[in-house]
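Architecture and fold: a report
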Amino acid sequence: MHDNVKKGFMKEAIRLAGMNVENGNGGPFGAVIVRDNKVIATGFNRVTEINDPTAHAEIVAIRNACSNLGTFDLSGCEIYSSCEPCPMCLGAILWARIDKLYYAADRHDARAAGFDDELFYSELSLPPEKRKLSSEELEKDDAVEVFNKWINAQNKIAY
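Now for a look at the structure at hand. (Residues numbered from 1 in each chain as written. Predicted model: local features only at pLDDT ≥ 70, side-chain atom pairs only at ≥ 80, totals over all residues. Heavy atoms only, no water.)

**A look at the overall build of the protein**
Convention followed: Here a strand is any run of E in DSSP of at least two residues, a helix any run of H or I of at least four, and the numbering for each starts at the N terminus. In what follows, residue pairs with any heavy atoms lying within 4.5 Å of each other are defined as contacts. Each accessible area value is a Shrake-Rupley result obtained with a 1.4 Å probe; residue values ignore everything except the protein chains displayed when judging cover.
A count of helical and extended segments in the protein gives seven helices and four strands. Listing every helix and strand of the protein by position from the N terminus yields α-β-β-α-α-β-α-β-α-α-α. Judged by the C-alpha coordinates and their principal axes, the protein covers about 50 × 40 × 30 Å. Long-range pairs, those at least 24 residues apart, make up 49% of the contacts in the protein between residues at least 6 apart in sequence. Of the accessible surface of the protein, which amounts to about 10300 Å², a share of 54% is contributed by carbon and sulfur atoms.

See the structure below:
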C-alpha cells in the first residue's frame, strides 16, 4: 500500500479524534479499520457519551467492523489508531486477529494529555497476587470442568 494511502487513513483516525473533542463526546481518540484499501469501519472514543469504560475508539471500531462484515475474525484488516492503543485495546486488536496496527501519537503523548496507561502496563506484568486489584481464585475445579466440556464439544466455533 502506498504511503499516501496509509497517511490518508491515519488522517481520518486523527480527524475522528479531533471531531470527538470538538463535539464533547469523549476522549481525543479515533480509529479506522481497513481491508483491501477500503474503510470497513470507524470508531471514536465514546466512554463518557455512553457511560462505558470499554468504549475506546479501537473497541468501537472493532465492534463496528465485526457487525459490518458479519464476523468476529478481522484477519486481513489493518487498524489505524490516532494513539498507541492501551492494553485493553491492544488485547482486543489481537483477539480480532487484525493483521497490522498503525498509530500516530504514543502512550507518552497520551500521558501528557492526562491519559496514563502505565499502571495497566505494569499491572499486567505482575502475577495476580501482586497486583493492586485484589483478586482471589474460587471454584477452579468447576470452571476447569466447563473448559473440558468446551474441549470436547462438537458444536463449538473456535476463535
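Picking up after the structure, the text goes on.
**A short note on the nonpolar core**
Here is the rule we go by: The set of buried Ala, Val, Leu, Ile, Met, Phe, Trp, Tyr and Cys residues whose side-chain atoms join them within 4.5 Å is what this entry labels a nonpolar core. Only protein chains enter the accessibility calculation, which uses a 1.4 Å probe; a residue is then buried when its area is under 20% of its type maximum, exposed when over 50%, and partly exposed in between.
In terms of nonpolar packing, the biggest core is built from 22 residues, with I33, I62, A65, L74, I79 and I98 touching the most fellow members. Among the secondary structure elements, those contributing two or more residues to this core are β1 (30-35), β2 (38-44), α3 (57-69), β3 (77-83) and α4 (87-95). Sort the elements by how many residues they give to this core and α3 lands first, with six residues. If sequence neighbours within four positions are ignored, L74 has contacts with I33, R35, I62, A65, C66, L69, A96, R97 and I98.

**What to know about the environment of K100**
Relative to the helices and strands, K100 resides in strand β4 (residues 100-105). In contact with K100, other than residues within four places in its own chain, are C77, E78 and I79.

**Concerning the sheet that holds β3**
Put simply, the rule is: Strands were regarded as paired on the criterion that DSSP finds at least two bridges between them. Fitting a line to C-alpha atoms yields each axis, with helices limited to the stretch in contact; the angle taken between N-to-C directions then spans 0 to 180 degrees.
Strands sit in the order β2-β1-β3-β4 across an open sheet of four strands; the sheet is mixed. A single partner strand is all that each edge strand has here, and the edge strands are β2 and β4. Between one strand and the next, the sheet's axes are offset by a mean angle of 15°, whatever the strand orientation. Bridge analysis of β3 against β4 gives five bridges, and the strand direction is parallel. Within the sheet, the bridge partner assigned to S81 lies in β4 and is Y103. On top of the sheet, α3 reaches β1, β2 and β3; it is set at about 140° to β2, its chief contact.

**Brief notes about the side chain of N20**
Here N20 is to be found in helix α1 (residues 3-23). Here N20 falls in the buried class, since its relative accessible area comes to 0%. Filtering out sequence-adjacent residues up to four positions away, N20 remains in contact with N25, G26, G27, F44 and N45.

**A word on the pattern of salt bridges**
Operational definition: A pairing counts as a salt bridge when a side-chain nitrogen of Lys or Arg comes within 4 Å of a carboxyl oxygen of Asp or Glu.
Enumeration over the complete set of coordinates arrives at seven salt bridges. For R15, the salt bridge goes to E12, with nearest N and O atoms at 2.8 Å. Remark: E12 and R15 occur in helix α1; sequence separation between them is three residues, near one turn of the helix. For E12, a relative accessible area of 24% corresponds to the partly exposed category. For the salt bridge of K140 with E137, the shortest nitrogen-to-oxygen distance reads 3.9 Å. Residue class for K140 comes out partly exposed when judged on its relative accessible area of 48%.

Any link to function would need more than the numbers given here.
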